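The lines below spell out each chain.
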Amino acid sequence: MRAIEIVKPGGPEVLLPCEREMPVPKAGEVLIKVHAAGVNRPDVLQRTGNYPVPPGASDIPGLEVAGEIVGGDLEGSGFSKGELVCALVQGGGYAEYCAAPVAQCLPVPRGWSALQAASLPETFFTVYSNVFERAKLGEGETLLVQGGSSGIGVTAIQMATALGHRVFATAGSDDKCRACESLGAERGINYRSEDFVDVVKSLTGGKGADVILDMVAGSYVNREIQCLADDGRLVIIALLGGAKGEVNFSEILRRRLTVTGSTLRPRPVAFKQDIAHKLLERIWPLLEAGRIKPVIYKTFSLEQAANAHALMESSTHVGKLVLDIVR
Ligand SMILES: NC(=O)c1ccc[n+]([C@@H]2O[C@H](COP(=O)([O-])OP(=O)(O)OC[C@H]3O[C@@H](n4cnc5c(N)ncnc54)[C@H](OP(=O)(O)O)[C@@H]3O)[C@@H](O)[C@H]2O)c1
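Conventions and cut-offs
- Position labels on residues start from 1 in each chain and follow its written sequence.
- Residue-level local features of this predicted model are given only where pLDDT is at least 70; pairs of side-chain atoms are given and counted only at 80 or more, and the full residue set underlies all totals for whole chains, interfaces and linings.
- In computing side-chain values, all of the structure's heavy atoms are included and hydrogens and water are not.
- Strands here mean DSSP runs of E at least two residues long; helices mean DSSP runs of H or I at least four residues long; both are numbered from the N terminus.
- Residue exposure (1.4 Å probe, protein chains only): buried if accessible area is under 20% of the type maximum, exposed if over 50%, otherwise partly exposed.
- Segmentation of the chain into domains, including their bounds, is taken from an automatic or database domain assignment.
- A contact between two residues is defined here by any heavy atoms of the two lying within 4.5 Å.
- Using a 1.4 Å probe, buried area is obtained as the accessible area two parts lose upon being combined, added over both of them.
- Salt bridges are counted wherever a side-chain nitrogen of Lys or Arg sits within 4 Å of a carboxyl oxygen of Asp or Glu.
- What qualifies as a polar contact is a pair of N or O atoms within 3.5 Å, subject to a donor-acceptor requirement within protein and to the restriction that residues adjacent in sequence count only when both atoms come from side chains.
- Summary of the metric used: pLDDT quantifies the predictor's per-residue confidence within the range 0 to 100.

1. A closer look at unusual backbone geometry
- Residues other than glycine seldom take positive phi values, yet aspartate 231 does so here, at roughly 65 degrees.
- Here aspartate 231 lies in strand β12 (residues 228-236).
- For aspartate 231, a relative accessible area of 38% gives the class partly exposed.

2. Brief notes about the domain arrangement of the protein
- Taken domain by domain, the protein consists of domain 1 (2-120 + 265-324) and domain 2 (124-261).
- Once you take the C-alpha centre of each, domain 1 and domain 2 turn out to be 26 Å apart.
- In this assembly, 26 residues from domain 1 lie in contact with 17 residues from domain 2.
- In this assembly, domain 1 packs against domain 2 so that about 1900 Å² is buried in total across both faces, 70% of it on carbon and sulfur atoms.
- The interface formed by domain 1 and domain 2 contains 1 salt bridge.
- For lysine 278, the salt bridge identified is with glutamate 133, shortest N-O distance 3.1 Å.
- Taken together, the links from domain 1 to domain 2 amount to 7 residue pairs in polar contact (both at pLDDT 80 or more).
- Top element by residues in the side of domain 1 that touches domain 2 is helix α9 (residues 269-288). It accounts for 12 residues.

3. Some words on the confidence of the model for the protein
- Predicted confidence across the protein gives a mean pLDDT of 97, with 100% of residues reaching 70 or more.
- Across the protein, the secondary-structure element scoring lowest on mean pLDDT is helix α8 (residues 249-254), at 96, and the one scoring highest is strand β11 (residues 209-214), at 99.

If you want it as structure tokens, here you go:
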């Protein structure tokens, strides 16, 4: 099969087309003929040598695919051969065929194409598990999304808005802020010209945000602590601004704040299966009703994976980049 491999750690040019053996699905896995694969920032980290492949996972990049089930262990799964699914995988997405745990497959939502569905799993599993499970965003609570125009950000804004929450989002330009607002954010905050602490405090009558989804960390953390409401929760999913920062712990004690975080890729299949069930029950109806829409900025052929990475690193995109593998 055709695939993309990382020939050595480096820039986008180290992503090269290759021929590989077809993956052989293990017990509990299905074989998917990939129609499209999502591109995510963790793929860029893997390409630069900063995100090691978990033991047993494919070294081919790509954490999400959508396509047709063509074989594998389907017994008791509720899926059948020929069905279109999207799947969260631990690697191997940038290829014509990919093995996926059947527990991490979800049907392509009615009204969505496989190409659109390939943009779903990585950000939907990440946002749901962090915002609604770890940080427990509850009824009537507000959410601040850092990096609102990212793949993660557009998912978080739409999901929380569709579930009835007030959402604020930061982004690096006025245009990106307006894009966040068009997806449902009450206010896009240009972090280059505005202080998100001041803006969120003033929009919430001085209270602050109940939950913050953060991909920046570093020097942001202390300001995020100022920005949280009493009993607020900060959930960190990436360290784009650095792994270290100085924190005033007295605020955490005095106002009963929680600082937490997680990474999705190394979590066991049973954890991801639980999230898949919740997505299917709570979020898939919103996708099928058009209350959450695909936000695909650009598609590329499989051979153009390096161009997709270069665009992602330029951070000029809003939403998701997808490889159209049957193109
Ligand atoms: N923990 C997990 O399980 C998990 C899973 C998936 C992804 N992630 C992480 O989540 C992040 C987003 O992933 P993605 O695939 O959605 O990437 P992406 O689309 O490339 O988005 C990265 C975003 O970061 C924004 N950004 C950078 N510095 C910022 C700052 N100081 N303030 C606000 N925004 C800032 C950029 O927007 P501007 O140009 O507007 O700054 C850009 O939109 C990545 O770091 C990724 O590694 C974590």
